[in-house]
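Residues per chain are reported as follows:
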4 protein chains.
Amino acid sequence: MSFMSDTPAPAHPAILDAVARANHGLAASYGADEVSKQVERRLAELFETDVSAWMVGSGTAANGLAVATFVSSMGAVLCHQEAHIERDERGAVEFFSGGAKLSLLPGAHAKIDLSALETALARIDPGFVHETPAELLSLTNLTESGAAYAAAEIAERAGAAKARGLAVHLDGARFANAIASTGASPADMTWRAGVDVVTFGATKNGALGCDAIVLFGAARKKAPELQARAKRAGHMPAKMRFLAAQMDAHLADGLWLANARRANAAAARLADGFAAVDGVTLAHPADGNEVFAFMPDALAAKLSGAGVAFHKWLDGSQRFVCSWATKDAEIDAALAALRA
Amino acid sequence: MSFMSDTPAPAHPAILDAVARANHGLAASYGADEVSKQVERRLAELFETDVSAWMVGSGTAANGLAVATFVSSMGAVLCHQEAHIERDERGAVEFFSGGAKLSLLPGAHAKIDLSALETALARIDPGFVHETPAELLSLTNLTESGAAYAAAEIAERAGAAKARGLAVHLDGARFANAIASTGASPADMTWRAGVDVVTFGATKNGALGCDAIVLFGAARKKAPELQARAKRAGHMPAKMRFLAAQMDAHLADGLWLANARRANAAAARLADGFAAVDGVTLAHPADGNEVFAFMPDALAAKLSGAGVAFHKWLDGSQRFVCSWATKDAEIDAALAALRA
Amino acid sequence: MSFMSDTPAPAHPAILDAVARANHGLAASYGADEVSKQVERRLAELFETDVSAWMVGSGTAANGLAVATFVSSMGAVLCHQEAHIERDERGAVEFFSGGAKLSLLPGAHAKIDLSALETALARIDPGFVHETPAELLSLTNLTESGAAYAAAEIAERAGAAKARGLAVHLDGARFANAIASTGASPADMTWRAGVDVVTFGATKNGALGCDAIVLFGAARKKAPELQARAKRAGHMPAKMRFLAAQMDAHLADGLWLANARRANAAAARLADGFAAVDGVTLAHPADGNEVFAFMPDALAAKLSGAGVAFHKWLDGSQRFVCSWATKDAEIDAALAALRA
Amino acid sequence: MSFMSDTPAPAHPAILDAVARANHGLAASYGADEVSKQVERRLAELFETDVSAWMVGSGTAANGLAVATFVSSMGAVLCHQEAHIERDERGAVEFFSGGAKLSLLPGAHAKIDLSALETALARIDPGFVHETPAELLSLTNLTESGAAYAAAEIAERAGAAKARGLAVHLDGARFANAIASTGASPADMTWRAGVDVVTFGATKNGALGCDAIVLFGAARKKAPELQARAKRAGHMPAKMRFLAAQMDAHLADGLWLANARRANAAAARLADGFAAVDGVTLAHPADGNEVFAFMPDALAAKLSGAGVAFHKWLDGSQRFVCSWATKDAEIDAALAALRA
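Residues numbered from 1 in each chain as written. Chains lettered and ligands numbered in written order. Predicted model: local features only at pLDDT ≥ 70, side-chain atom pairs only at ≥ 80, totals over all residues. Heavy atoms only, no water.

Draft legend 1. Quick peek at the sheet that holds strand β8 (residues 281–282) of chain D. All names here are of chain D. On the basis of which strands lie adjacent, the open sheet formed by four strands has the order β8-β9-β11-β10 and antiparallel pairing. Strands at the two margins of the open sheet, each flanked by one partner only, are β8 and β10 (311–312). Examined bridge by bridge, β10 and strand β11 (residues 318–321) share two bridges and lie antiparallel to one another. The residue bridging K312 from the neighbouring strand is Q318, located in β11. With respect to the sheet, helix α12 (residues 255–275) is in contact with β8, β9 (290–294) and β11, its orientation differing from that of β9 by roughly 15°. (Pairing = 2+ DSSP bridges. Helix = DSSP H or I, 4+ residues; strand = E, 2+ residues; numbered from the N terminus. Contact = heavy atoms within 4.5 Å. Axes fitted to C-alpha atoms, helices over the stretch in contact; angles between N-to-C directions.)

Draft legend 2. Region of the structure containing the pairing of strand β1 (residues 51–56) of chain A. Residue and element names in this part refer to chain A. With six of six residues buried, β1 is to be regarded as a mostly interior element. On β1, burial covers both faces: V51, A53 and M55 on one face and S52, W54 and V56 on the other are all buried. Both β1 and strand β7 (residues 211–216) contribute to a ladder of six bridges, which runs antiparallel. The residue bridging V51 from the neighbouring strand is F216, located in β7. (Buried < 20%, exposed > 50% of the residue type's maximum accessible area, 1.4 Å probe, protein only.)

Draft legend 3. Spotlight on the interface of chain B and chain A. Taken together, the 43 residues of chain B in the interface contact 43 residues of chain A. Interface area for chain B against chain A, summed over the two sides, is near 3700 Å², with a carbon-plus-sulfur share of 58%. Among the residues of chain B in contact with chain A, F95(B), R232(B) and K239(B) are the three that bury the most area, contributing 21% of the side total. Across the contact surface, chain B and chain A share zero salt bridges. Run the count over chain B and chain A and you get 27 residue pairs in polar contact (both at pLDDT 80 or more). Considering every element that reaches the side of chain B that touches chain A, the biggest residue donor is helix α5 (residues 92–97) of chain B, with four residues. Split by residue class, the side of chain B that touches chain A holds 20 nonpolar, 14 polar and nine charged. (Buried area = accessible area lost by both parts, 1.4 Å probe. Salt bridge = Lys/Arg side-chain N within 4 Å of Asp/Glu carboxyl O. Polar contact = N/O pair within 3.5 Å; in protein donor to acceptor, adjacent residues only side chain to side chain. Nonpolar A, V, L, I, M, F, W, Y, C, P; charged D, E, K, R; others polar.)

Draft legend 4. The domain arrangement of chain A, seen in detail. All names here are of chain A. Once the domains are mapped, chain A shows domain 1 (13–254) and domain 2 (258–339). Each of domain 1 and domain 2 was reduced to a C-alpha centroid, and the two centroids are 28 Å apart. Facing 18 residues of domain 1, the contacting portion of domain 2 comprises 20 residues. Approximately 1500 Å² of surface area, both sides summed, lies buried where domain 1 meets domain 2, with 46% of it carried by carbon and sulfur atoms. Ranking the residues of domain 1 by area buried against domain 2 places S145, R174 and N177 at the top, with a combined share of 26%. The tally of links from domain 1 across to domain 2 stands at one salt bridge. When the shortest N-O distance is used, the salt bridge between R174 and E290 registers 3.3 Å. It is helix α8 (residues 175–182) that contributes the most residues to the side of domain 1 that touches domain 2, four residues altogether. (Domains from an automatic or database assignment.)

Draft legend 5. Highlighting the packing of helix α8 (residues 175–182) of chain C against helix α12 (residues 255–275) of chain C. Residues and elements named next belong to chain C. Look at α8 against α12: their axes get within 8 Å of each other, and the N-to-C directions meet at 75°. Taken as axis vectors, α8 and α12 run roughly perpendicular relative to one another. Where α8 abuts α12, its residues A176, N177, I179, A180 and S181 lie against W256, L257, A260, R261, A263 and N264. For the contact of α8 with α12, the residue count by class is seven nonpolar, three polar and one charged. (Parallel < 35°, antiparallel > 145°, perpendicular 65-115°, else oblique.)

Draft legend 6. Fine view of the interface of chain A and chain C. In this complex, chain A contributes 21 residues to the contact, which on the side of chain C involves 21 residues. Its largest share of buried area at the contact with chain C, chain A owes to R90(A), E94(A) and K101(A), together 37% of the area lost on that side. In this structure, the connection of chain A to chain C is made through four salt bridges. The salt bridge partner of K101(A) is E86(C), with a shortest N-O separation of 2.9 Å. Summed over the shared surface of chain A and chain C, the result is 14 residue pairs in polar contact (both at pLDDT 80 or more). Elements supplying a minimum of two residues to the side of chain A that touches chain C: α4 (84–87) and β3 (101–105) of chain A. With three residues, the single largest contributor to the side of chain A that touches chain C is α4(A). Classifying every residue of the side of chain A that touches chain C gives eight nonpolar, four polar and nine charged.

Draft legend 7. Structural detail: the relation of the copies chain A and chain C. The two copies are related by a screw operation: chain A maps onto chain C through 180° of rotation and 0.0 Å of translation along the axis, at an RMSD of 0.0 Å. Taken together, the rotation and translation relating the two chain copies correspond to the operation of a two-fold axis. Rotation axis and chain A: the residue whose C-alpha lies nearest the axis is G99(A), separated from it by 2.1 Å. Of the interface residues in chain A, 100% have counterparts in chain C that sit at the interface too, so the contact is made through matching surfaces. (Least-squares fit on C-alpha atoms with pLDDT ≥ 70 in both.)

Draft legend 8. Main features of the relation of the copies chain B and chain A. Mapping chain B onto chain A is achieved by rotating through 180° and translating by 0.0 Å along the same axis, at an RMSD of 0.0 Å. Mapped onto chain A, 100% of the interface residues of chain B again fall at the interface, so both copies present the same surface.

Draft legend 9. Main features of the pairing of strand β5 (residues 167–172) of chain B. Residues and elements named next belong to chain B. Along β5, six of the six residues are buried, which leaves the element largely enclosed by surrounding structure. Alternating residues of β5 divide into A167, H169 and D171 and V168, L170 and G172, and every residue in both groups is buried. As paired elements, strand β4 (residues 134–140) and β5 share five bridges and run parallel to each other. Note on β5: the bridge partner recorded for T140 is D171. The parallel pair β4 and β5, bridged by helix α7 (residues 151–163), forms a crossover whose chirality is right-handed. Bridging between β5 and strand β6 (residues 197–201) involves four bridges; their strand directions are parallel. Across the sheet, D171 pairs through a bridge with T199, a residue of β6. (Right-handed = clockwise from strand over helix to strand, strands pointing away.)

Draft legend 10. Focus on the sheet that holds strand β9 (residues 290–294) of chain C. Residues and elements named next belong to chain C. Strand order in the open sheet formed by four strands is β8-β9-β11-β10, with antiparallel pairing between adjacent strands. Whereas interior strands pair on both sides, the edge strands pair on one side only; in this sheet they are β8 (281–282) and β10 (311–312). Sheet topology places β9 next to strand β11 (residues 318–321); four bridges connect them, and they run antiparallel. Bridging from a neighbouring strand, F292 pairs with R319 of β11.

Below, the structure is given as structure tokens:
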């Protein structure tokens, strides 16, 4: 029973099947294949607008490339102090951008506090050469604490940033879970809220390894630069059709949403179970597929002893992550072990 | 009938099957899975020595990470003026290294001329702060002209470089083809010849997308730095098992060698056919799976008109690449079109 | 009457004279001249130990080169959240290092809080590839709030960092003022306290434009790398003798200390005057040549109206900086205007 | 008698005097002072057009900043294979640009061969993502072999580059010598010929250490970016007035041209002397202040033995550099030693 992360899960069979189906005959290399084009059409349909998209094999690559396409080496990115790009990507943004700075903002449940954001935005003075001006706001949905921003919360923050001339990036490694949680449309959660570029993750949601960088509106003109950055960083695989097939199946027949709903339901079941255990309290809203619970060390040890795997978080809580493949029986067994 | 490259080819069924087999249950993330460990064992067996290995999804990533692990941002890489790292990777080495310089050397058939190398090596003066000292020699086998270095030729060049304190990298995007061509052992072609790190490609040889960076001997202590660089660049996929499964199947039962032999045989059949056509001459030895042929424009047009795809090279020749999947019938049809 | 900074001040006549004296005959280029060697000897005497030194024309260059010599592109620098390298150098550390990250720590009066430092140090796990490990601690004395660390405070922080394997940098743009303030010896304030490299500023203390990067102990072996970095960044001026002459005069006959004492005394006179004014309170200890005062807007406006120039700080206080050239009469006039 | 370079020479007394005159009272920092503004006016007058200018303390800084302002990290610079930016600046362009590539062109006397340039320009395909497209042409006048491009030769090359959308940089470390040699106007040699940015050196021509980056025409809108790059790289000295005073005096009363003429005349005297010596031949036209002479080893040894210092060049010739301060008597003594 592992709740360590959503990445140890296998790929969804439908996605694996799509990879197998893609494996016939010759296909144009480097993203010029038919499946890649089909993915772009599906994304346009999903987001209800024209998009330019590029697929890569990891979330770190997606974030690094997306951010570097919108922030210069002499600019700064405003993000939450617990953002994945700050804490878990070994300086990928600094690397891809050639030395941009991350300017960190606070906020409960890893949502950027709106007034802290406004203060930071008010202080930007691009004409003052000594300071590094923020050029991009990066939001994360689900947040690193498993909370979901509502579309309106994204719009508030993105709107404030755009009013100051910043671009807006949304780290959507768990975008599907956020959509499943909030019921918002992908369009409302992104470009209609002011997002220029979303990294839309499939890896944690049933793929073998595929995240898409999706550009909206005027940002689409950055597609050639994005592709050149991808090539230079080794993220233009020769046989792109095998990434594309994954995303294609992920988008087909609503699989992305079904998988996310399943993972979210599993997390809700776990959170509900925790609520009934004395001494266990949730650290953050379990909006998506993650549950962060404070519990006495003795309880945590009991769980571990029963073979349940989870991860100690920096705030002292224990993180439990469910995936599309998590079974109710596993959750019930974990809860039973806790209550034993 | 496309001879554009070896990358439009599909994946070999055995490799796809291995990916499917790897897709059960949970697996440790980020390269800590059992299949990845198995690949390292297989590589050690293949190269007859302990190795440290890391897998990535593209040859550009493999080369960029490998080279940057051995050359500082203030150093230079000696390579052939037609090397893939110079001509076809959009400055990946410069990007991964933080600004290293490529110092270009001449040589027939894209092999580095030994005396030009010796002259360049003799001029290195690390104490002269104004110049960028070469810190790494990068060789390519097969070369960009499709020729194969013999193991002794690698040893001559690597030995000269090591005598001056340089590290040695071998770009082995078509390493299997070079081994199939020369009959040398992988060990003789690499570490016994003085190579510190090889990028061993499977992508062009039947994989979906997987190249391994393999460190030998004392260079193995660089493995943690290599992994940190990989993480930072988005080349530490969460579900590494799906890359590992590809390389595992590539190495199992000699598939790597069988695929390369098949591709080489196809190219030999094509080259033999060209030899019988008036006005067609080979630009370079067709040692592996590539044939470079000079031919009158009228002949090239006739071929194109018959639906045969190939690629005009910078030296004026036409490049034809065969893969593990190229069929004799395709070659014969192309030759028939030429002779028609 | 300008208290905007210590940089609008002219150069001290003795330093200008030294430049003129250096201007005869030929001199070896790029730092190989006799005056540069003499400076290294003077610094060794001042710091009571062998040193390796390099001179540059700005504090930003000194900090950028010094820090990048000790932190890799994949590492982090621990520094105060108000440090000059974070707030006032346009990302120079990120640039010089190729993308290192600044990890910010709190603390009153811009001194790094010891327990926050210890918490940050305890969390470093170089083996955890996803996070950016701190490799360097950067302290600033005088701090950005004008406070002076005692040598023992430097030693506490540097000692904690070294115990975790970090290198230690001291940004000494106002090092002379800190020494004049604390009475500590330069040796006790630096290498005896665990500092590996100090950037010792003369620019704010009477030079035309010269700061020295000084390496101590085992860090001296980094001198060739430091020089290569300097060359690459355009900080190896051909006619280095003219930088060297400035530093030489700065060190001769205790001019550095005399200038700093004079500037500190001026600031003390100003701080004392403020203390006697109703509604004016010091934001930070006026240990050196800077005074940060909270005052009602009306008072600030009165001062400005009287032609006194100063600078609004981020904490809401007003910053007044004195230099070696500040005259008592200017201070008295400013105070008189305030009291008027 | 040293002919090693023009950098061991002292500063011209008029320039040193200007520095001393600038040293009174307070001055705005970071380039906002009155002398800096005066320099910009003088440069506009000299070049007969509006300019934006920035001053730095070394030629490497000037070139690195100028080039990086016009080439992206993913682009290439076309330059001569012996250009200073390729051979003598320790990868400064790669550093300042974040990894741009230098694409090297041949040509006699270190002038870029026009047809080689045209071939390179014809091959640029910005839409082909795998290759690094040239974005900038960098010319050098005087060339590294001491030859002077005529204004028409600059215009031919710059025109070809601009027709392909490239920007054009002129490395003018010895620009004054080129103007003195050709008699062209500064305007004809730069913006009228298609040059967007010139690095106009004073350091080798009598300054203590000051080169100006001068932007013309539409390129002037890059001034804020150039300043931000300068700040980030430590090339925005607090007391800029002391750089400005040097350039101001260099430009006043034609000192720049007088110094260059004097240095050129000295070189001509030396070259004429060489012409009269059996076995000595010039390797390159001695158009400016440099003479490259082939001579038997015995002759070179005789000269060295007589205390004459010079520098062995890569082409086997001996390089002799004269400066504004070289005396006829020194030249005559060197020639006498040779003939002895």
